[in-house]
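An overview of the molecular structure
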Amino acid sequence: MVNVDDGVPAQRWEGGTGWPGVRDKRILVTGGSRGLGEQIVRLLLAEGAHTGTCARTAPGIEALDVSLTDRERTRLFAEALDVTEPGRLEGFVTGAARRFGGLDGVVACVGGSRGGGFEHADAGDWAATWEVNVGHTTRLVRAALPHLRAAGGGSVVIISSVSGWKPGPHAQYGTAKSAQIHLAASLARELGPDGIRVNAVSPGSMLIPGRRWARMRTETPEAYAAFTGAELPGGAPVEPQEVARAVVFLLSDWSSGISGANLPVDRAQNAPTPYGY
Ligand SMILES: NC(=O)c1ccc[n+]([C@@H]2O[C@H](COP(=O)([O-])OP(=O)(O)OC[C@H]3O[C@@H](n4cnc5c(N)ncnc54)[C@H](OP(=O)(O)O)[C@@H]3O)[C@@H](O)[C@H]2O)c1
């Protein structure tokens, strides 16, 4: 079996369907210049999807762009913007839909936490953390809705976290991530009649260069060893590429029966143990 437009042999599966079934789909991923979002964007482009993404800083977008093959670059739509700025995200969705001639899916991947522990996080930290996780997700889905409906349906993936299930410090983050899981199930029921599937993916702790766990591994190796020993049955965190594969599966028609789910991709980090949760 050969993909018609590039001559590259596709993986053969029983029945002749190419995995993972996102070729020519039109997908938006917020926060695709680094970390998990970057891996989702790269996998989508490699699999032949038309892919739109955004990040606040232009150099990150440019670095992604120059690292792509010519064929991948023609399928990329990328803009520098802050998803929390009123109107910018909506403009990005409209621009991408115009460029691609419609949309088949969106991934709300931007997320994060502001402020410290409970006594050190003020109301502004709670509001900012809510907005970057839940607020941007709701505005992304609302902006994409007319395009998904026009396509006869689509797939929405919301990137939550193991922190959305598993209690821990920085409650403003866990609360927002928990709300994203609830949002996926609620929207799955509300938008299901339009053929729109909505799922959450909850990654475990990932080693993203420069981010929390990667910094901890370098700066405080004892604390990192204690963390992985207590939290990760396999001793190693999940890779962002592994999470990206789960996300792309949920964007594909291969997951057509799955909606309203929360899919943990965390090597059992979320599982309670005899010693505690
Ligand atoms: N890292 C983990 O261990 C972990 C674990 C579980 C869940 N998660 C979740 O997974 C998702 C991705 O996390 P990550 O660690 O891969 O993130 P990351 O490394 O911080 O990357 C975030 C990406 O989003 C962009 N971005 C950040 N804020 C933005 C904003 N306001 N507007 C537009 N773009 C923005 C960044 O580019 P710019 O900086 O240029 O804007 C970058 O491209 C998040 O929802 C996070 O909560 C992460």
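Residues numbered from 1 in each chain as written. Predicted model: local features only at pLDDT ≥ 70, side-chain atom pairs only at ≥ 80, totals over all residues. Heavy atoms only, no water.

As named in an unreviewed UniProt entry, the protein chain is SDR family oxidoreductase, taken from Streptomyces phyllanthi. Among the UniProt annotations of the protein chain, the heading Sequence similarities (unreviewed entry) holds the following wording: "Belongs to the short-chain dehydrogenases/reductases (SDR) family." (UniProt positions renumbered as here; feature names shortened; annotations may be inferred.)

What follows concerns the site of the ligand. As a matter of local geometry, the ligand sits amid 28 residues, with Ser 33, Arg 56, Thr 57, Tyr 173 and Met 206 nearest to it. Between an oxygen atom of the ligand and a side-chain N or O atom of Thr 57, the distance comes to 2.5 Å. One of the backbone nitrogen or oxygen atoms of Met 206 is found 2.8 Å away from an oxygen atom of the ligand. Breaking the shell around the ligand down by element, the ones donating at least two residues are helix H1 (35–46) and helix H6 (171–191). Its residues placed into classes, the shell around the ligand shows 12 nonpolar, 11 polar and 5 charged. (Near = heavy atom within 4 Å. Polar contact = N/O pair within 3.5 Å; in protein donor to acceptor, adjacent residues only side chain to side chain. Helix = DSSP H or I, 4+ residues; strand = E, 2+ residues; numbered from the N terminus. Nonpolar A, V, L, I, M, F, W, Y, C, P; charged D, E, K, R; others polar.)

Right, let's get into the sheet that holds strand S1 (residues 26–30). If you trace the 7 strands from one edge of the open sheet to the other, you get S3-S2-S1-S4-S5-S6-S7, paired in parallel fashion. Bordering the open sheet on either side are strand S3 (76–80) and strand S7 (262–265), each of which pairs with just one other strand. Between one strand axis and the next, the sheet turns by 15° as a mean value, whatever way the strands run. Running over the sheet, helix H4 (residues 88–100) touches S1, strand S2 (50–55) and S3 and is turned about 160° from S3. Its contacts with the sheet put helix H9 (residues 240–251) on S1, strand S4 (105–108), strand S5 (154–159), strand S6 (196–203) and S7, and the angle it makes with S6 is roughly 170°. (Pairing = 2+ DSSP bridges. Axes fitted to C-alpha atoms, helices over the stretch in contact; angles between N-to-C directions. Contact = heavy atoms within 4.5 Å.)

Here helix H7 (residues 212–219) crosses helix H8 (residues 221–231) at 125°, and the two axes come no closer than 5 Å. Relative to H8, H7 is oriented oblique. Note on element contacts: H8 touches H7 through Pro 221, Ala 223, Tyr 224 and Phe 227, opposite Trp 213, Met 216, Arg 217, Thr 218 and Glu 219. Its residues assigned to classes, the contact of H7 with H8 comprises 6 nonpolar, 1 polar and 2 charged. (Parallel < 35°, antiparallel > 145°, perpendicular 65-115°, else oblique.)

Another point: the environment of Val 157. Mapped onto the elements of the fold, Val 157 is located in strand S5. Spatially, the C-alpha atom of Val 157 lies 17 Å from that of Glu 131, the residues being 26 residues apart in sequence. Among all residues touching Val 157, those that are not within four sequence positions of it are Val 106, Val 107, Ala 108, Asn 199, Val 201, Val 247, Leu 250 and Leu 251.

Before going further, it helps to spend a moment on the pattern of salt bridges. Under the definition given, this model contains 12 salt bridges. Residue Arg 88 is joined to Glu 85 by a salt bridge in which the shortest nitrogen-to-oxygen separation is 3.8 Å. Given the relative accessible area of 37%, Glu 85 is considered partly exposed. The partner of Glu 231 in a salt bridge is Lys 166, with the nearest N and O atoms 3.2 Å apart. On the criterion of sequence distance, the pair formed by Glu 231 in helix H8 and Lys 166 in the loop between S5 and H6 is long-range, its members being 65 residues apart. Overall, the relative accessible area of 23% leaves Glu 231 in the partly exposed class. Residue classification places Lys 166 among the buried residues on the basis of a relative accessible area of 12%. (Salt bridge = Lys/Arg side-chain N within 4 Å of Asp/Glu carboxyl O. Buried < 20%, exposed > 50% of the residue type's maximum accessible area, 1.4 Å probe, protein only.)

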